[in-house]
Amino acid sequence: MTSPRRAAGETFDLLSAELIAAFNGWRPGLSSWDESTLDAWARRAFQLQFEGNTPYRKYCEARRVGPSDVNGWRDFVPVPTEAFRVVDLLVGPGVDPGLVFRTSGTTRGRSAQGRHLVRCPELYRASLRAGFRAFVYDEDNPAKIVTLPPSFTHDADSSLGWMLDDLRVGIGLGDGVSVASTAGIDWGKLDTEVRESAEGGRPLCLLGTTLGFAEWLDRLEDGRSVASKLPEGTLLMDTGGEKGREGLERGRLLRGLEDQLGIAPPSIVNEFGMTELLSQRYGHGDPAVPLIGPPWLRSIVLDPVTLEEVPRGETGILCHFDLANLGSVCAVLTEDQGRAAGDGIEWVGRTEGAPPRGCSLATAELLEAQGNA
Amino acid sequence: MLEAWYLPGLEESPAEWLEGRTRAGAAFRAPTLSVDRARAVAGAVREAVLKARTTRSTEEVIGAVARAAGKLSADGPESVAARELLRTELGWNERLVRETLEGMARTWTHEALTGLVDAELGGTASLDGFVADPQWSGPGQRRRRALGSPVVLQVLAGNVPGVAITATMRALLVRSGVLCKLPESEPGLLPLFARLLAAEDPLLGDCVAATWWPGASFPAAWREWAGWAGKTVVYGGDVTVEAVRRSLPADTEIVTYGPKTGVAVVLADSLPSAAAGLARDVCAYDQQGCVSPRLVYVVGESTRPFVEHLAASLEDLAEQHPPPGPTAAEAVAIRAARAAFEFSGYDDGRSAVESPGESLDWTILSSEDPAARTESLPRVLWVHRVPDLQTLEEVLRPLEGRIQTVGYCGTQELTKLTGIGARLGVSRIAPFGSMAWPPPDWRHEGKHQLLPLVNWTDFETLE
């Protein structure tokens, strides 16, 4: 891999093209990204973001941080995820983003949706595919990709839907299928894929949400879907977690799928991603620890009050650095709790909203309930 | 392990325990209460109340209650124990604990309690016997007597220290006994007060029973207690009140005190010095009180000058009076709220954040546009500009009935502000610097403190 350097006349297009080449060329174990390599990329990325992303520049200036203060990825000023709900963080100006991903959900009585403008979809794609090939998919034994989109990926601007579609068409033999229907998952079509795989011996790579797989397991267990032992090499990647379905335990889900389909860890992979971050982490088995990712995605664990890094192994707030975010902001301070584990991280959970204090009323929820927020 | 219980009438020492932790992490325990034991406790309280009614005057009750409460804040081993307890339970520093206890204790003095009874019942006489009604215009005479039900059930879900004591005193003053569920975040102070009261007068000590159990559910022992209670007092949010209501017989009278917010209004002719008073109101009770200011409105051109003074005052207080420090969830929420205002400001220039850098000691979120959205976060204030008081009333209308106190500084259009306060159901309008410390006879949530607890008996004669 070529060594990154600060090019004269640096432009977004130039740097993103170099990064795409670097992502494509990365092979775990064969090409290494040492700290100094990453830091060199980080310096160039910060320069571009500081100059081209006006809200981010103002945020950095308010903290008296400029390009001369950033010697590596750890020196980036991280932006709280809340910022994505308030402003467009795009390295521009005057450019049209190639993609817009919207965040879902409600945070602390506030339903304002956030969005991540993706200036360069090719860069996102390069990171996604490189990570997927490295941590999930075996291209020497190309399984047929089958995506189970949950109903919400039919909504526009879902990063999850985009990701599944891209992997389906861009990985393996290019013959992946989606079992989407207008109502959600086309269960008949999924049954057909399962039957053909079981009979023909070609493994499947099943991609979907944790909730989608839970629904499938319900159907397998009560006989509405066809249970078959799938061939060796079959993979299953779930994403999104258990949120949204009370009482769902991933462990029970995986044991059920093993019983019904014969897929067992480590062939079951949990994908960890977020709209504000364009690279992904992956964990094998249950629990899915550690979550590992490509070398251009780094995560540190911070004390939520002081923002100092906590001793290794202690739980804190996850803060990510991702070069695939070149078109927005590379460093993102999340509301997720996690800790360092092995070569990656362990995701512990979302930080729940602060409980009410004393008899002091939080008006946010009251106004939300009245439709006045 | 803190003892979160005070249960007269238990013949044997408890053997089984329920254990809990306060939000600051202090471990405490209370006995598992069987229905039989709950019945024994309720019976003991009722018996003590009925006996006290015939052997103690209300004046004597006030005296004993005030002496016991006075020990919580006067110099002596009891106040040392009380402060140590609150520091452990709440994670507060010595100064905040001391200031809070002293502030509460001003409403617990003999003079304050007598004043309260005078203000609401015209003196103690009507609690001790029938008193002639001078307003009576019918034939003969009318005499009236006020008396609480023998047993009042109390549920405390908030965590402002001392509230359980204030609630218990109100019941004792109207000659009721108390069966109380203690708040999880501060379960220790009422049992301590009950022990001090028992030391003053064992019979009055037996008029108070308090314990704790986990969660919002109501065990069988509670349902037993509910059967003994004439009235129920609940301090808690809508969810708690609703859960209590469902657990009680349909005809039980409930007096509720719910979460409220404090609103501060900077009138057009305010002086900068007013900011210091508001900052003190913010820091009291660690901004957890229903009287604590959280929303600030600046009437006029810009929030800027007032925000700068307020920031300086909060910074001064943070040095003299360091805040206890937020929880992880609060820290995350404060940073998110700051990010929202800061990035919005970069977008349109109409909002801004003042804070001591990345430190979470205090935060001012200011906006030149009116709004009323807040979160329950420590030492965080939302400051909005309003062009005039009419706009203020419109902005606050969704909070009607939810505003405890309106603080003000300045005099311009003050009369208009008082009209708005009355229309919005505000219970008190007071200058900055006194928002957090209402006087003893304040009508809490716009209600009398004692009258909702008493039943009146009229006695008419023809001569």
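Rules behind the numbers
Residues numbered from 1 in each chain as written. Chains lettered and ligands numbered in written order. Predicted model: local features only at pLDDT ≥ 70, side-chain atom pairs only at ≥ 80, totals over all residues. Heavy atoms only, no water. Helix = DSSP H or I, 4+ residues; strand = E, 2+ residues; numbered from the N terminus. Buried < 20%, exposed > 50% of the residue type's maximum accessible area, 1.4 Å probe, protein only. Polar contact = N/O pair within 3.5 Å; in protein donor to acceptor, adjacent residues only side chain to side chain. Pairing = 2+ DSSP bridges. Core = buried A, V, L, I, M, F, W, Y, C linked by side-chain atoms within 4.5 Å. Contact = heavy atoms within 4.5 Å. Expected span 1.5 Å × (residues − 1). Axes fitted to C-alpha atoms, helices over the stretch in contact; angles between N-to-C directions. Domains from an automatic or database assignment. Buried area = accessible area lost by both parts, 1.4 Å probe. Salt bridge = Lys/Arg side-chain N within 4 Å of Asp/Glu carboxyl O. Phe/Tyr/Trp six-rings, centres within 6.5 Å; stacked < 30°, edge-to-face > 60°. Lys NZ or Arg CZ within 6 Å of the ring centre and 35° of its normal. Parallel < 35°, antiparallel > 145°, perpendicular 65-115°, else oblique. Left-handed = near helix turned anticlockwise from the far one by under 90°. Nonpolar A, V, L, I, M, F, W, Y, C, P; charged D, E, K, R; others polar.

1. Brief notes about unusual backbone geometry
Inference 1: Residue Pro266(A) is bonded to the preceding Pro265(A) through a cis peptide linkage, with omega at 5°.
Inference 2: For Pro266(A), the location among the structural elements is in the loop between helix H9 (250-261) and strand S10 (268-274).
Inference 3: Geometrically, the link from Val289(A) to Pro290(A) is a cis peptide bond, its omega value of -5° lying close to zero.
Inference 4: In the Ramachandran plot, Arg175(B) falls in the positive-phi region, its phi being about 70° despite a non-glycine side chain.
Inference 5: For Arg175(B), the location among the structural elements is in the loop between helix H7 (163-173) and strand S7 (177-181).
Inference 6: Residues other than glycine seldom take positive phi values, yet Gln287(B) does so here, at roughly 60°.
Inference 7: Mapped onto the secondary structure, Gln287(B) falls in the loop between helix H12 (274-283) and strand S12 (293-299).

2. Quick notes on the side chain of Thr391(B)
Residues and elements named next belong to chain B.
Inference 1: By secondary structure assignment, the location of Thr391 is in helix H15 (residues 389-396).
Inference 2: Judged by relative accessible area, Thr391 falls into the buried class, the value being 17%.
Inference 3: Polar side-chain contacts of Thr391 include one of 2.6 Å to the side chain of Asp388.

3. Describing the sheet that holds strand S2 (residues 17-21) of chain B
Residues and elements named next belong to chain B.
Inference 1: Pairing is mixed in the open sheet, where 3 strands are placed in the order S1-S3-S2. Both outer strands of the open sheet, strand S1 (2-3) and S2, are each paired with one neighbouring strand and no more.
Inference 2: Alignment of S1 against strand S3 (residues 27-31), held across 2 bridges, turns out to be parallel. Bridge pairing in S3 places Leu2 opposite Phe28.

4. So, the nonpolar core
Inference 1: Ranked by size, the top nonpolar core spans 101 residues in total, and within it Leu72(B), Leu179(B), Leu189(B), Phe193(B), Leu197(B) and Trp225(B) carry the most contacts.
Inference 2: Excluding residues that lie within four positions of it along the chain, Trp225(B) makes contacts with Leu7(B), Leu33(B), Ala38(B), Val41(B), Ala42(B), Leu153(B), Leu179(B), Cys180(B) and Thr211(B).
Inference 3: Formed by 80 residues, the second largest nonpolar core is a distinct cluster that contains Leu297(A), Cys319(A), Ala324(A) and Val329(A).

5. Digging into the environment of Phe321(A)
Residue and element names in this part refer to chain A.
Inference 1: Assignment of secondary structure puts Phe321 in strand S13 (residues 316-322).
Inference 2: Measuring from C-alpha to C-alpha, the distance between Phe321 and Ala331 comes to 4.4 Å, with 10 residues separating the pair along the chain.
Inference 3: Once residues lying within four places of it in the same chain are set aside, the contact partners of Phe321 are Leu38, Ala42, Trp73, Phe76, Trp296, Leu297, Arg298, Cys330 and Ala331.

6. Here we look at helix H8 (residues 210-221) of chain A
Residue and element names in this part refer to chain A.
Inference 1: Here H8 contains 12 residues, and its C-alpha end-to-end distance of 16 Å stays within 8% of the 16 Å for a straight helix at 1.5 Å per residue.
Inference 2: When H8 is considered as a whole, its buried residues turn out to be Thr210, Gly212, Phe213, Ala214, Trp216, Leu217, Arg219 and Leu220.
Inference 3: Where H8 is buried, its residues contact strand S4 (144-148), strand S7 (184-185), helix H7 (187-200), strand S8 (204-209), strand S9 (235-239) and H9.
Inference 4: Looking one or two residues past H8, Gly223 carries a phi angle of roughly 85°, positive in sign.

7. What to know about the sheet that holds strand S10 (residues 253-257) of chain B
Residues and elements named next belong to chain B.
Inference 1: If you walk across this open sheet you meet the 5 strands as S8-S7-S6-S9-S10, and the pairing is parallel. At either margin of the open sheet sits one strand with a lone partner, and together these are strand S8 (208-211) and S10. Taking the axes of each pair of neighbouring strands and ignoring which way they run, one obtains an average angle of 15° across the sheet.
Inference 2: The pairing of strand S6 (residues 151-156) with S7 spans 5 bridges and is classified as parallel. Pairing of Val151 across the sheet is with Gly177, part of S7.

8. Some remarks on the domain arrangement of chain B
Residue and element names in this part refer to chain B.
Inference 1: On domain assignment, one finds that chain B holds domain 1 (2-259 + 445-461) and domain 2 (261-432).
Inference 2: The C-alpha centroid of domain 2 is placed 33 Å from the C-alpha centroid of domain 1.
Inference 3: Between domain 1 and domain 2, the residue contacts involve 15 residues of the former and 14 residues of the latter.
Inference 4: Buried surface at the junction of domain 1 and domain 2, summed over both partners, amounts to about 1,400 Å²; 49% is from carbon and sulfur atoms.
Inference 5: For the domain 1 face of the interface with domain 2, the top three residues by lost area are Trp92, Arg95 and Leu96, together amounting to 31%.
Inference 6: Taken together, domain 1 and domain 2 are joined by 2 salt bridges.

9. Points about the interface of chain A and chain B
Note: interface size is frequently given as the accessible area lost on complex formation between the parts.
Inference 1: In this complex, chain A contributes 41 residues to the contact, which on the side of chain B involves 41 residues.
Inference 2: Here chain A packs against chain B, burying approximately 3,600 Å² in sum over the two surfaces, 63% of which is carbon and sulfur.
Inference 3: Between the two partners, chain A and chain B, sit 2 salt bridges.
Inference 4: Salt-bridge contacts for Arg63(A) lead to Glu358(B); the nearest nitrogen and oxygen are separated by 2.6 Å.
Inference 5: Where chain A meets chain B, there are 5 residue pairs in polar contact (both at pLDDT 80 or more).

10. Observations regarding the packing of aromatic side chains
Inference 1: Following the criterion strictly, the structure yields 27 aromatic pairs over all chains and no others.
Inference 2: Between the aromatic rings of Trp26(A) and Trp296(A), the centroid separation amounts to 5.3 Å while the plane-to-plane angle is 80°, which identifies the pairing as edge-to-face. Note that Trp26(A) is positioned in the loop between helix H1 (12-25) and helix H2 (35-52) and Trp296(A) in the loop between strand S11 (277-284) and strand S12 (297-302), a separation of 270 residues in sequence.
Inference 3: Judged by centre distance (4.9 Å) and plane angle (45°), the ring pair of Tyr285(B) and Trp437(B) falls under tilted. Highlighted residues: Tyr285(B) in the loop between H12 and S12 and Trp437(B) in the loop between strand S17 (428-431) and strand S18 (454-461), separated in sequence by 152 residues.
Inference 4: By relative accessible area, Tyr285(B) is classed as buried at 7%.
Inference 5: In this structure, Arg63(A) is placed above the aromatic ring of Tyr59(A), and the distance from its NZ or CZ to the ring centre is 3.7 Å.
Inference 6: A cation over a ring is seen here: Arg106(B) above Trp437(B), with NZ or CZ 5.6 Å from the ring centre.

11. Re the packing of helix H2 (residues 58-73) of chain B against H7(B)
Residue and element names in this part refer to chain B.
Inference 1: Following both chains from N to C, one finds H2 and H7 inclined at 165°, their axes separated by 10 Å at the closest point. Relative to H7, the element H2 is oriented roughly antiparallel. You can see that H2 and H7 cross each other, and the crossing is right-handed. Each of Thr58, Val61, Ile62, Val65, Ala69 and Leu72 in H2 lies in contact with H7, whose residues at this interface are Ile165, Met169, Leu172 and Leu173.
Inference 2: Of the residues belonging to the contact of H2 with H7, the class tally is 9 nonpolar, 1 polar and no charged.

12. Notes on the packing of helix H3 (residues 77-90) of chain B against helix H4 (residues 94-105) of chain B
When two helices pack together, their arrangement is captured by the angle between the axes and the distance separating the axes.
Residue and element names in this part refer to chain B.
Inference 1: The interhelical angle for the contact between H3 and H4, taken along N-to-C directions, is 120°, at an axis separation of 9 Å. Classified by the angle between their axes, H3 and H4 sit oblique to one another. In the packing of H3 onto H4, the handedness of the crossing is right-handed. From H3, Ala82, Arg83, Leu86 and Arg87 reach across to H4, where they touch Glu94, Val97, Arg98 and Leu101.
Inference 2: Class assignment for the residues of the contact of H3 with H4 results in 4 nonpolar, no polar and 4 charged.

13. Digging into the pairing of S7(B)
Residues and elements named next belong to chain B.
Inference 1: Most of S7 is tucked away, with 5 of its 5 residues classed as buried.
Inference 2: On S7, burial covers both faces: Gly177, Leu179 and Lys181 on one face and Val178 and Cys180 on the other are all buried.
Inference 3: Where S7 lies against S8, 4 bridges are found, and the strand directions are parallel. Along S8, the bridge assignment pairs Cys180 with Ala210.

14. With respect to the pattern of salt bridges
Inference 1: Counted according to the given criterion, the structure contains 48 salt bridges over all chains.
Inference 2: When the shortest N-O distance is used, the salt bridge between Glu342(B) and Arg63(A) registers 2.8 Å. Linking Glu342(B) in helix H14 (residues 328-348) with Arg63(A) in the loop between helix H3 (54-62) and strand S1 (79-80), this pair reaches from one chain into another.
Inference 3: Judged by its relative accessible area of 11%, Glu342(B) is buried.
Inference 4: Between Arg39(B) and Glu224(B) there is a salt bridge, with its nearest N and O atoms 3.3 Å apart. Placement of the pair is Arg39(B) in helix H1 (residues 35-55) and Glu224(B) in helix H10 (residues 220-226), with a sequence separation of 185 residues.

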